[in-house]
Structures are given as structure tokens and as C-alpha cells.
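Chain by chain, the residues:
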Protein chains: 2
Amino acid sequence: MIGFDEIRKIAQVTPSKILLLVMDGIGGLPHPDTGKTELETANTPNLDRLASKGICGMAYTVSPGITPGSAPGHMSLFGYEPTMYQFGRGIVEALGLDIEVGPGDVVVRGNFCTVDDDGVITDRRAGRIPTEVCKEQCAILNKGVAVSGTQVQFFAGKDHRFVMRLRGDGLSHHVGDTDPQHEGMHPLAPEALDPSATRTAEIAADIVAQARTLLKDRHPANMFLLRGFSEHPDYPSINDIYGLTPACIAPYPMYRGVSRVVGMDILPAGETLEDEVAALKKNYDKYDYFFMHYKKTDAKGEDGDFDAKVQAIEDYDRVLPSILELNPDVVIVTGDHSTPAGLVGHSWHTVPVILSAKYCRRDEVTAYGESACLKGGLGVFAAVELMPLAMANALKLNKFGA
Amino acid sequence: MIGFDEIRKIAQVTPSKILLLVMDGIGGLPHPDTGKTELETANTPNLDRLASKGICGMAYTVSPGITPGSAPGHMSLFGYEPTMYQFGRGIVEALGLDIEVGPGDVVVRGNFCTVDDDGVITDRRAGRIPTEVCKEQCAILNKGVAVSGTQVQFFAGKDHRFVMRLRGDGLSHHVGDTDPQHEGMHPLAPEALDPSATRTAEIAADIVAQARTLLKDRHPANMFLLRGFSEHPDYPSINDIYGLTPACIAPYPMYRGVSRVVGMDILPAGETLEDEVAALKKNYDKYDYFFMHYKKTDAKGEDGDFDAKVQAIEDYDRVLPSILELNPDVVIVTGDHSTPAGLVGHSWHTVPVILSAKYCRRDEVTAYGESACLKGGLGVFAAVELMPLAMANALKLNKFGA
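Overview of the structure. (Residues numbered from 1 in each chain as written. Chains lettered and ligands numbered in written order. Predicted model: local features only at pLDDT ≥ 70, side-chain atom pairs only at ≥ 80, totals over all residues. Heavy atoms only, no water.)

Now for empty space enclosed by the protein. Empty space left among the atoms is revealed by rolling a probe the size of a water molecule over them. All names here are of chain B. Taken as a whole, this structure holds four cavities of 30 Å³ or more when the rule is applied. Looking at the largest cavity, its volume works out to about 60 Å³. In terms of lining residues, the largest cavity is bounded by 14 residues, among which Tyr60, Thr61, Pro68, Trp348 and His349 are the most central. Of the residues belonging to the lining of the largest cavity, the class tally is seven nonpolar, six polar and one charged. (1 Å grid on protein atoms, 1.4 Å probe; cavity = no way out; pocket = protein on both sides within 12 Å on 5 of 7 lines; lining within 4 Å. Points joined across faces, edges and corners; volume = space filled by probe spheres on them. Nonpolar A, V, L, I, M, F, W, Y, C, P; charged D, E, K, R; others polar.)

Right, let's talk about the nonpolar core for a bit. Phe78(A), Ile238(A), Tyr289(A) and Tyr368(A) are the most contacted members of the largest nonpolar core, which totals 102 residues. If one sorts the elements of this core by residue count, helix 12 (residues 306–324) of chain A sits on top with eight residues. In this structure Tyr368(A) touches Met23(A), Ile26(A), Leu39(A), Leu47(A), Asp48(A), Ala51(A), Val333(A), Thr334(A), Pro352(A), Val353(A), Ile354(A) and Cys373(A), once residues within four positions along its chain are discounted. Residues Leu21(B), Ala59(B), Tyr294(B) and Met391(B) belong to the second largest nonpolar core, which totals 91 residues. (Core = buried A, V, L, I, M, F, W, Y, C linked by side-chain atoms within 4.5 Å. Buried < 20%, exposed > 50% of the residue type's maximum accessible area, 1.4 Å probe, protein only. Helix = DSSP H or I, 4+ residues; strand = E, 2+ residues; numbered from the N terminus. Contact = heavy atoms within 4.5 Å.)

Residue and element names in this part refer to chain A. Taking burial as the measure, the eight residues of helix 14 (residues 386–393) include eight buried ones, the bulk of the element. Buried residues of helix 14: Leu386, Met387, Pro388, Leu389, Ala390, Met391, Ala392 and Asn393, and no others. Positive backbone phi, approximately 55°, marks Leu395, located one or two places after helix 14.

On to the layout of surface pockets. All names here are of chain A. Taken as a whole, the second largest pocket spans an internal volume of roughly 930 Å³. Looking at the second largest pocket, it is lined by 32 residues, and the ones nearest its centre are Arg89, Arg109, Arg161, Lys295 and Glu302. Breaking the lining of the second largest pocket down by element, the ones donating at least two residues are helix 4 (70–77), helix 5 (89–96), strand 3 (106–115), helix 9 (253–261) and helix 11 (296–302). Partitioning the lining of the second largest pocket into residue classes produces 10 nonpolar, eight polar and 14 charged.

Residues and elements named next belong to chain A. For the coordinates displayed, the defined rule picks out 35 salt bridges over all chains. Measuring nitrogen to oxygen at the nearest pair gives 3.4 Å for the salt bridge that ties Glu93 to Arg109. Of this pair, Glu93 sits in helix 5 while Arg109 sits in strand 3, and the two are 16 residues apart along the sequence. Per residue, the accessibility class of Glu93 equals that of Arg109, and both read buried. Three or more residues are tied together by salt bridges with common partners; here these are Asp5, Arg8 and Asp240. (Salt bridge = Lys/Arg side-chain N within 4 Å of Asp/Glu carboxyl O.)

This part covers the packing of helix 4 of chain A against helix 9 of chain A. All names here are of chain A. Two numbers describe how helix 4 lies on helix 9: the axes approach to 10 Å, and their chain directions differ by 45°. In terms of orientation, helix 4 and helix 9 fall into the oblique class. The two elements helix 4 and helix 9 meet at a crossing, and its hand is right-handed. The segment helix 4 lies against helix 9, with Ser70, Ala71, His74 and Met75 engaging Met254, Tyr255 and Val258. (Axes fitted to C-alpha atoms, helices over the stretch in contact; angles between N-to-C directions. Parallel < 35°, antiparallel > 145°, perpendicular 65-115°, else oblique. Left-handed = near helix turned anticlockwise from the far one by under 90°.)

On to the state of the cysteines, then. Residues and elements named next belong to chain A. This structure, assessed with the given rule, holds zero disulfides over all chains. With no disulfide of its own, Cys373 lies closest to Cys56 among cysteine sulfurs, the gap being 4.3 Å. For Cys373, a relative accessible area of 0% puts it in the buried group. (Disulfide = S-S within 2.5 Å.)

Our next topic: a negative patch on the surface. On the surface, a cluster of negative charge is made up of Glu302(A), Asp303(A), Asp305(A) and Asp307(A). Tracing the chain through its elements places Glu302(A) in helix 11. (Patch = residues over 30% accessible without salt bridge, like charges linked within 9 Å, V, L, I, M, F, W, Y side chains within 5 Å. Areas by Shrake-Rupley, 256 points an atom, 1.4 Å probe, with all protein chains shown as cover. Lys, Arg positive; Asp, Glu negative; His and termini not counted. Charge placed at Lys NZ, Arg CZ, Asp CG, Glu CD.)

A word on helix 3 (residues 45–53) of chain A. One full turn of an α-helix is made of 3.6 residues, so residues set three or four places apart face in the same direction. All names here are of chain A. Of the residues making up helix 3, those classed as buried are Asn46, Leu47, Leu50 and Ala51. Buried residues of helix 3, viewed axially, fall in a sector of 140°; they line one side. Residues of helix 3 that are buried in the fold lie against strand 1 (18–23), strand 2 (55–60), helix 12, strand 11 (330–334) and strand 12 (351–357). (Arc of directions from axis to C-beta.)

With that settled, the discussion passes to the sheet that holds strand 9 (residues 265–266) of chain B. Hydrogen bonding along the main chain pairs the strands of a sheet, whether they run parallel or antiparallel. All names here are of chain B. Strand order across the open sheet formed by eight strands is 9-8-10-1-11-12-2-13, with mixed pairing between neighbours. Whereas interior strands pair on both sides, the edge strands pair on one side only; in this sheet they are strand 9 and strand 13 (379–382). Together, strand 1 (18–23), strand 8 (246–249) and strand 10 (289–294) form the strand contacts of helix 10 (residues 273–282), whose direction differs from that of strand 10 by roughly 175°. (Pairing = 2+ DSSP bridges.)

The next subject is the relation of the copies chain A and chain B. The pair of chain copies shares a relation made of a rotation about an axis and a shift along it. Superposing chain A onto chain B takes a rotation of 124° combined with a translation of 0.4 Å along the rotation axis, leaving an RMSD of 0.2 Å. Such a combination of rotation and displacement between the chain copies is what one expects of a three-fold axis. Residues of chain A ranked by C-alpha distance from the rotation axis are headed by Gly379(A), positioned 3.9 Å from it. An overlap of only 4% is found between the interface residues of chain A and their copies at the interface of chain B, pointing to separate contact surfaces. (Least-squares fit on C-alpha atoms with pLDDT ≥ 70 in both.)

The next thing to look at is the sheet that holds strand 10 (residues 289–294) of chain A. All names here are of chain A. Pairing is mixed across the open sheet formed by eight strands, whose spatial order is 9-8-10-1-11-12-2-13. Of all strands in the sheet, those with a lone pairing partner are strand 9 (265–266) and strand 13 (379–382), marking the two edges. In the sheet, strand 8 (residues 246–249) pairs with strand 10 via four bridges, with the strands oriented parallel. Looking at strand 10, one finds that Ile249 is bridged to Met292.

Note the cis peptide between His219(A) and Pro220(A), where omega equals 5°. Within the secondary structure, Pro220(A) sits in the loop between helix 7 (198–215) and strand 7 (223–230). With phi around 65°, Asp98(A) is a residue other than glycine that occupies positive phi space. Along the chain, Asp98(A) turns up in the loop between helix 5 and strand 3. Even without glycine at this site, Leu395(B) takes up a positive phi of about 55°. Counting through the fold element by element, Leu395(B) comes out in the segment after helix 14 (386–393). Residue class for Leu395(B) comes out partly exposed when judged on its relative accessible area of 49%.

Attention now moves to the packing of aromatic side chains. Residue and element names in this part refer to chain A. As enumerated under the stated definition, the model contains 30 aromatic pairs over all chains in all. Relative to Tyr242, the ring of Phe4 lies with its centre 6.3 Å away and its plane at 70°, an arrangement referred to as edge-to-face. Separated by 238 residues along the polypeptide, Phe4 in helix 1 (residues 4–10) and Tyr242 in helix 8 (residues 238–242) bring together distant segments of the chain. Grouping residues by exposure puts Phe4 and Tyr242 together as buried. On the basis of an interplanar angle of 70° and a centroid distance of 6.4 Å, the ring pair of Phe112 and Phe224 is categorised as edge-to-face. Taken together, the positions of Phe112 in strand 3 and Phe224 in strand 7 put the pair 112 residues apart, joining distant regions of the chain. Comparing Phe112 with Phe224, the two get one shared label, buried. Counting every residue linked through ring pairs, the aromatic cluster contains Phe4, Tyr80, Tyr85, Phe87, Tyr235 and Tyr242. (Phe/Tyr/Trp six-rings, centres within 6.5 Å; stacked < 30°, edge-to-face > 60°.)

Below you can see the structure in the form of C-alpha cells.
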């Protein structure tokens, strides 16, 4: 594959616009009764029309057989080889919550949890406490926790989730999780995974000890678990590589976080798909690349609710014309991974892709679905190639080599 | 992908013959009135028959979305990953003009151009002066330019093009272009891109100053622009890697140049396609691999002339039987890239491929065209894989691994 150094040499800035429309977890598996996937079951006249006009294919966002997390799935769609450009859970959560992460800071994702009198975990999510309670918990910790020479700060997320940020000299993110990933166990002691992290692990252990005291009467949220110690990944931006001025429209923190890592401007996205379209229209003149994220397809797949996922797809299809009426030069519709309702979670299956543009070479595909897109002109391919394809179709790439 | 070290271990010399037939820029885009590409519009009974007998597919020569220059497009067809095996414009031009380039020599591509009294470029190609005038210009420079300790030589190409060769000790090709790529600007000063190139940049600046004086009364060709300072790339040869004895039949310098870099013998190709076939027949017993290049398909695409490109394809189809009557063991028909008339230049679109051989696994494709080949047994694939496929189908590759 062509590298960023080569791309930089051939990328050019033009007024043409690229739209990346991600239906999270769009790929599925056939319903046993009908033999049709969620997407094939849904009535999607607008997506089908777009598929007819475009070139289609089936993509893997990481590599065949690999079930992508949200971060690598999106990095791939943004043109970054996801095995080369990895980052920890902590940084993604922090960026998604608009927490400032500077050079040298260490951030880690936290869950409030329930422990019994012996300190054994009985609920890894503390009964999914309301966000308001989570905020109270963080306030207690921010007031009570003190470490000499290091600023420690807690930021509440949704429900039981929070982010802890350590700021000071000589910190390292090479610290192991305290979350053992199973109930019925004690939290793990924070372990230095590298000699450079010895002090950070000690600081983390000190914080855990202080928290145990501060939270002991806060049942069910009487303890916390940490995972994904991480630092800000210093990756080249989409603007640096492709010369694009990119914007992200995503209601959920995680996706804003990944977008911020690759240097996108984060637009206020609202809550609903209609809000997102309004944000797109309001900012359409200011950017030449938009990433728009739709969560419901994944959420319903993760619930194992086939019919609700079908419904989420049809909801999207109804809104699509209001997006397309902007006449973007290149539109890509795809997912960051599959989330078959039958598997109640992310899966390794390829995702269907439409790329529609004036100069794409149309194929014979006339429906947006897994079986239909398999016959498309893009073949079965690596999603990381979509960014160069989008650039090419927007006439933003010069010739490579003499 | 399997590397050259592995290929070397399993390649064997046999009497079987491989023919790589390149129709330059063969891929196209549909005509808006008919929905058919140039290739699909052309009447090509012989190519269609070959497609029926062979295995087909759609290939990208660099990677998806990348518009290949001629050099990387061909390197890929010759089995060399084009992002790993790059070379400058200067070396390609020099080799194509049969200019000897030794170790340590630096060659650079030149354009005669027109500058006004202030030295501002008014025509980057000096009104495309005739080749005869170009020869006079080079003679003037060869007589007049002198640099102590370095041999400087100018070689005329077609029209306004020439090659400058520097021969001496301590030269480096890490010198920036003097061609600013736009009119209305002064030529750039030759800049050392690496400390090792300081002296070479000074020499180039000295030559430019001398040339300004020597050419000042030669309007419209009263100055020149330099680009692509380069050295002979020391790449392994096709013979070294594959054990083949390869020959090139190409009327145009550029393609002979790339072929020479990978160690092909350059056969006198004449001017016409019939001349090329005669060269093939005359030398058929002496080689086991032939690369035969057809330029007209690309030239007509670059002219934006859909009908003329169709005609060029039909011309080729008529001559094909006289090639196939040699009964080569493996025939590949493809292009180095697409050149849709609608885009008036090279493009990123995949190229249709036929591989016909006794032991290929036939597919259901019965026509040589973009839509037809998409359904072929090779799928959508990287053209760099064609060389191992050709070797395999010629029964020239032993088993890999125990």
C-alpha cells in the first residue's frame, strides 16, 4: 500500500467535498427464517439508489477474521492502517469527553464498581449508576485525592464511566489495568509494564488506596476499576497527510475522540440524526471532508434485536435524501465493522460499501446489502484504501511517479 | 506477498514462453450516451475469444485510488512493488534514449522553455519546438558548457525534451527541480536537498547560468527547466529474480527505459504494431519472456478522443491473431493504468486483465471489458501478483515450502 509520504506528495487541495457516512455496525448475518441480513431485510430505496449510481464492494476494516473495536474500525475508514495507529481506551474516552490531554499527561478509563466487604468485585459497573451519581463520585475524588507532585483529576462520563487524568513530570502510560474483567475477583494492583512506569504505577496504587477510603460508604459505587492507561498519540493529521479540512459530526464521545486524534474539527452534533444533518448543512461551506456517525445500527445489533436494527436502517434511509441534496462530490456509505444481531456484538464480517461520485466506474449493483455489494467493482478490499479512493474520486490526487 | 528471495528459490528455467501484452491506458469510463467504456464499445472478437479461454480480473497497478505514472504502472506489471521500486523521471528518460548511465552518473530530464526579458517563464515547453531544433540546442550546449572536473552532456529527446548527464566524482541526485511547474514564475535555483548534494547543486547552478547566455538568442527556446535529478537505480533484474531471459518490444523511449532498469534486452521495435509483431517473431526463439507495448490506446485517451481510442483497440484486436499464432504458453493482456477519454489523462480506475494459459482455471468471462472482467476468477487484485501468476502458469515455479 502507498504510504503517507507518497500521499503527501500527490495530494492537492480543491473545492470538491467528500462525505463519509458511517452506519456503525451496519454489516449483519442472515435471519434464520428469511436468509436475509438486517440490511437486506430493511426497505432502503434511497441507499439502493445510491448503490446503483456508485461503485460497491465489501471491506474489512482491520483484516480478515479480525473483529474491530470502534477505534481501529474508524481509523481504517480515515485512511490509517489500524494496526500501525493504535491507541488506548483511556485516550479515546478522554478526547470524547473534551478533556484536554497534553504532552506527557496520562489518562485512563475508569468504571465505578461494587465490591463486597472483602474487596471482591460483585458488579463491574456498580449497577450502571446514573450519570448524576457519577458526577458526585468524581467530585468526592477530586476533593479528596492528593498526590505530591502530580495533579490528579477525575472527569465523569456516562453512567458509571469516568476518566482519570494524571498530569506531572516523568509519567508513563505503561501501566497495567486494575480491571480483572471478571467479577468475583479482587481488583488487580496497578503494575509497571516497563521500568519507566514504576513511579506511575506507585502513584496509581496510592490513588486506588485513597479512593477505597473515600468511596467506602458510596455503595453500590464503592470502588473503581481502571483500564487503558494511555497518552496522547502523536499521529499525523488528516490535514497534514491529505490536505483536507475535516470535520466530525458524531453525537457519541468515542467517535469524537477518535476524530480529534486525526485532527478533525468537532462540530456540535446534537442528539438525533436530524440534528446531525442540520450540523452538516450549517457547516457545509467550511470544510471539504465530513465524517458523520450513526450509532443506532450498532446499538440495536449489540442488543441482539434484529427487528430494531432493521428499523434503525430504515430510519437512516429516510433521512439520506436530505444529506444527498447537498450534492457532495464523493459520498461513501459504510460501517466501521459488522454487528450482527445474531452475535449480539461486533464481528469480523466484512462491511458493505458504496462509493458514489461522478467519475467512479459504476458496477451492476443496484441494492445496498451484503450479497449485492459482493458483486461490486471494489471487490473485497481493505477499508483503509477508501481514503485514497475518496481522494481520487474527488480529483484531489495527482499522478504517482513518472 | 511473497518476496523476491522466496521467488528466487522456487523459480526454474524451462522452455515455456510468457507474453505480456500491454495496451497502455486500456481501462476507461462509460460513454454517457451508451453506458459502455471504450473497450466495451470496440468490436474485439479476438480479445473476447482470448478472455473466454483465459482467467480474467480487474487489477490496480499501484493501489486503490492511486493514478499510476507509466513507470510505476509498468514496474508493477513486471512484478516489482512500485512503491518500493521507484525512480526519477531523469533516469527513465535517459534509459529510453539509450543514454549510457553508469554508477555515480546523475541524469536529469530537461525541457527547453521560453522566458521573457526578465527571465520569467512564458512557455514551459518553448512552443514544443521540433526535434531538429532540439538537437541544434543540445549541440550548442554541448559545445559551450564547461564545468571543471565534471563531464556535462546534453542529449536531445522528442520535441522540447532533453536529458542532461553529469559524470564525475562526488555527484549526488539529491537536487531539487528548477522547473516551478507553472508559467509566470522564474525558474527555481537548483537546491541541495541533502548536504551530500551541495556541490552538485552548485554545478547545476553554474550550468544554468552558462546556458542562459548560450541560449539567449534562441527564442522561443531561450532557456531550459530541469526536473527529476536521478541516478541509476540498482534494482535486481528479472533474470536474477525469476530466471527469465526477458525482452522488450516498445517503440517509445519511456517504456524501453523502464524495461532496461529491470534488465530486459531491448529489441528494435520499429514504429507500428506490425513492426512490433515482426520483431517478436524474429526473436521468438531467443527469449522466454516478452513485454510488448502498445501506446495508441493511451495516446487517444489522453487526447480525450473516445472514438479514436475505440479505433486503436480495434486495430490491436485485428493484429492479435498474428501474435497468438506463435502459441505462447502464457499470454497476459492488460494495461499499466486506465486512461478514460472522459478524463483526458491517466486515472486510478482498475484495468481489465486476461491471463490465458493451458492450466489456468477458466471463468465465465467471455468478453474483454471492464464489467465482464469484474466477474473473472482473478477478482480485483494487485497487478504486481501477475508475474508470479504468469510464472506459475508457465510451470516455472516449484512448490513453496516443504
